[in-house]
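What the coordinates show
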Amino acid sequence: MEMGFEEKCLGYEFHYERAARPKKVSQAILAQIEESGCGTLVIGRKGSTQAREFRVGSVALRTVAEARDCAVWVV
């Protein structure tokens, strides 16, 4: 916040049901980004398989592919 970011754009977590389809989850994430007016999304890369090697999960992959007008960090 010291750098000028709005409080509503910091510290947000998105929770969803494990059985939810990746498309539905990614659409909900993107809708939240658009609604809040945030310019950056930080999303975890690990999918539900908990694979050790670097693989981008289906939700992260779909979200990155469909994100518009915001920076996306995959961590």
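Let me begin by describing the structure that accompanies this report. (Residues numbered from 1 in each chain as written. Predicted model: local features only at pLDDT ≥ 70, side-chain atom pairs only at ≥ 80, totals over all residues. Heavy atoms only, no water.)

With respect to the overall build of the chain
- For the chain, the helix and strand inventory stands at two helices and two strands.
- Each helix (α) and strand (β) of the chain, taken in turn from the N terminus, gives the series α-β-α-β.
- Residue burial in the chain is summarised as follows: out of 75 residues, 21% are buried.
- In the chain, of all internal contacts separated by at least 6 residues, the share reaching a separation of at least 24 is 60%.
- In the structure as shown, the chain presents an accessible area of about 6200 Å², 50% of it carried by carbon and sulfur atoms. (Helix = DSSP H or I, 4+ residues; strand = E, 2+ residues; numbered from the N terminus. Buried < 20%, exposed > 50% of the residue type's maximum accessible area, 1.4 Å probe, protein only. Contact = heavy atoms within 4.5 Å. Areas by Shrake-Rupley, 256 points an atom, 1.4 Å probe, with all protein chains shown as cover.)

What to know about the pattern of salt bridges
- The final tally for this structure, using the stated rule, is one salt bridge.
- The salt bridge involving R62 is made with E66; its shortest N-O contact spans 3.4 Å. Of the two residues, R62 and E66 both sit in helix 2 (residues 58-66), four residues apart, roughly one turn of that helix.
- Since its relative accessible area comes to 33%, R62 is described here as partly exposed.
- E66 gets classed as partly exposed once you look at its relative accessible area, which sits at 31%. (Salt bridge = Lys/Arg side-chain N within 4 Å of Asp/Glu carboxyl O.)

Purely spatial values, then, with no claim about function.
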